There are 4 protein chains.
Amino acid sequence: MDTTDPTPPYEQIRRQIAAAIEQGAFEVGAKLPSVRQLANDLGIATGTVARAYRELEHGGLIHSRRGQGTTVLASPRPTADLLEEQTLAYIAQARALGVDDDTIVAAVARSLG
Amino acid sequence: MDTTDPTPPYEQIRRQIAAAIEQGAFEVGAKLPSVRQLANDLGIATGTVARAYRELEHGGLIHSRRGQGTTVLASPRPTADLLEEQTLAYIAQARALGVDDDTIVAAVARSLG
Amino acid sequence: MDTTDPTPPYEQIRRQIAAAIEQGAFEVGAKLPSVRQLANDLGIATGTVARAYRELEHGGLIHSRRGQGTTVLASPRPTADLLEEQTLAYIAQARALGVDDDTIVAAVARSLG
Amino acid sequence: MDTTDPTPPYEQIRRQIAAAIEQGAFEVGAKLPSVRQLANDLGIATGTVARAYRELEHGGLIHSRRGQGTTVLASPRPTADLLEEQTLAYIAQARALGVDDDTIVAAVARSLG
DNA sequence: GTGGTCTAGACCACG
DNA sequence: GTGGTCTAGACCACA
């Protein structure tokens, strides 16, 4: 929770959980923390967490049942897909700087060292 | 302007201008479009643009003087610095996926092709 | 059981049983499934079924006695009455669309074809 | 607003507005009452109305813009379509009573008289 | 003025 | 205990 970020809290939570699910941080069928638990941990109102969960459910990533908690529905996306997505975004950014491809490869190689 | 993004419009504008300045899209001392002009171009309220400018001024990137418009203060950061920053961020993300360095280099090379 | 419908489950059950009784699906004095049985069949909690039964008893359609199960009290309403009720409701809806009577008759005839 | 109905208030509002739009009670581009106005008229909290509007927007029926109010997006569905939908639902109900087609036609004709 | 959101506490429905 | 919702009032972002 970054109170500096103008992004509303429910959206920050939604994004973090979505990212975690897509990266396979949860097994399919795993239970997310309860609304009250997470609200308490983050020091925010339960309604805010409930909204984040609701939107995730609307997006098909999780499923909530009264009295039974909230479970993860989505299979983690393959790491290869996530890596490609990140890589393409990085390359687009770098090219926007006017840098040529060799320079990009060189920059990656150097920073990895 | 992405009205789907819950990020407030003033923040979207701020980020775009900040990125443009850092990439050298403006000379130091160059004048930004007037609040009214930009608001008109984007079809939004002047207050929204004013808020973006105010935050940029607070961050030391620009300076507004009554009757004289808004000028760019910040020197463009060297492309090499921006590239390195982006590259390090990308590598951190990729490693968070549990990917080894060779795979990263391979992904970059393939996506550049 | 439609978990998409925000209508609470106990109400969905209540409506279905009430409709079945009114249509004569049960003899007067017939026994409804036990709370446990129905809860098990539907895969829901016994309390939810109990709530539906309680409301039906409150409405005078059924009667529950400890140890003896739940019996149907209401006589099935004559089919003619139910049909007339449905027909009047349908006509009211259709007229609310601004449709004249001939058009209604025509719509029914066509849809029956 | 029917406080007897277990359906949550935000859903009742959503359904009523959706039905009104589909029946052409609003012109495309017409403005809905403001969140505060409607909340005040109905004697409920603004958040409840806001949620109903949010879900309608999510369904593509309306569009809300901060500072500018809420406008109707969806074209009213043709009356003929709505009539057919109602008619088919009515016929299905009637047939579920074990009534033959001639009886249905007769019932409609009699009730129209 | 408009919509968007948060909070804090409360009650309901469900297991 | 769990999720779902409502309220009342508050602040923010925007026109």
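## Focus: the protein's contact with DNA strand E
The environment of DNA strand E is formed by 25 residues, the closest being Pro9 and Thr48 of chain A, Pro9 and Ala45 of chain C together with Arg36 of chain D. Of what DNA strand E places within 4 Å of the protein, 77% of the atoms are sugar or phosphate. A breakdown of the residues in the surface near DNA strand E according to their chemical character gives 11 nonpolar, eight polar and six charged.

## Quick look at the interface of chain A and chain B
Taken together, the contact pairs 31 residues of chain A with 31 residues of chain B. For the pair chain A and chain B, the two sides together bury roughly 2600 Å², of which 71% comes from carbon and sulfur. For the chain A face of the interface with chain B, the top three residues by lost area are Leu83, Leu97 and Leu112 of chain A, together amounting to 25%. There are one salt bridge connecting chain A and chain B. Close ionic contact of Arg15 of chain A with Asp5 of chain B constitutes a salt bridge, the shortest N to O distance being 3.3 Å. Run the count over chain A and chain B and you get five residue pairs in polar contact (both at pLDDT 80 or more). Of all the secondary-structure elements, those providing two or more residues to the side of chain A that touches chain B are α1 (9-22), α4 (79-96) and α5 (101-112) of chain A. The element best represented in the side of chain A that touches chain B is α4 of chain A, accounting for 13 residues.

## What about the protein's contact with DNA strand F?
Close to DNA strand F lie 26 residues, the nearest being Pro9, Ala45 and Arg51 of chain B together with Pro9 and Thr48 of chain D. Near-protein atoms of DNA strand F (within 4 Å) split between backbone and bases, with sugar and phosphate holding 77%. Within the side chain of Ser34 of chain A, a nitrogen or oxygen atom sits 3.5 Å from a phosphate oxygen of DNA strand F. At 3.1 Å, a side-chain N or O of Arg51 of chain D approaches a phosphate oxygen of DNA strand F. Those elements that provide at least two residues to the surface near DNA strand F are α2 (35-42), β1 (62-65) and β2 (69-72) of chain A, α1 (9-22) and α3 (46-58) of chain B together with α1 (9-22) and α3 (46-58) of chain D. When the residues that make up the surface near DNA strand F are grouped by side-chain class, the tally is 11 nonpolar, nine polar and six charged.

## A word on the packing of aromatic side chains
With the rule as written, the count across this model stands at two aromatic pairs over all chains. Consider the rings of Tyr90 of chain C and Tyr90 of chain D, whose centres lie 4.5 Å apart with planes at 5°: the pair is stacked. You can see Tyr90 of chain C sitting in helix α4 (residues 79-96) and its partner Tyr90 of chain D sitting in helix α4 (residues 79-96), one on each of two chains. Lying over the aromatic face of Tyr10 of chain C, Arg51 of chain C brings its terminal NZ or CZ to 3.9 Å of the ring centre.

## Observations regarding α3 of chain B
Side chains three or four residues apart in an α-helix point the same way, a direct result of the helix having 3.6 residues per turn. Residue and element names in this part refer to chain B. Along its 13 residues, α3 runs 18 Å from first to last C-alpha, staying within 8% of the 18 Å computed at 1.5 Å per residue. Taken together, the buried residues of α3 touch α1, α2 (35-42), β1 (62-65) and β2 (69-72). Once α3 finishes, Gly60 follows within two positions and takes phi at roughly 80°, a positive value.

Rules and cut-offs
Residues numbered from 1 in each chain as written. Chains lettered and ligands numbered in written order. Predicted model: local features only at pLDDT ≥ 70, side-chain atom pairs only at ≥ 80, totals over all residues. Heavy atoms only, no water. Near = heavy atom within 4 Å. Nonpolar A, V, L, I, M, F, W, Y, C, P; charged D, E, K, R; others polar. Contact = heavy atoms within 4.5 Å. Buried area = accessible area lost by both parts, 1.4 Å probe. Salt bridge = Lys/Arg side-chain N within 4 Å of Asp/Glu carboxyl O. Polar contact = N/O pair within 3.5 Å; in protein donor to acceptor, adjacent residues only side chain to side chain. Helix = DSSP H or I, 4+ residues; strand = E, 2+ residues; numbered from the N terminus. Phe/Tyr/Trp six-rings, centres within 6.5 Å; stacked < 30°, edge-to-face > 60°. Lys NZ or Arg CZ within 6 Å of the ring centre and 35° of its normal. Expected span 1.5 Å × (residues − 1).

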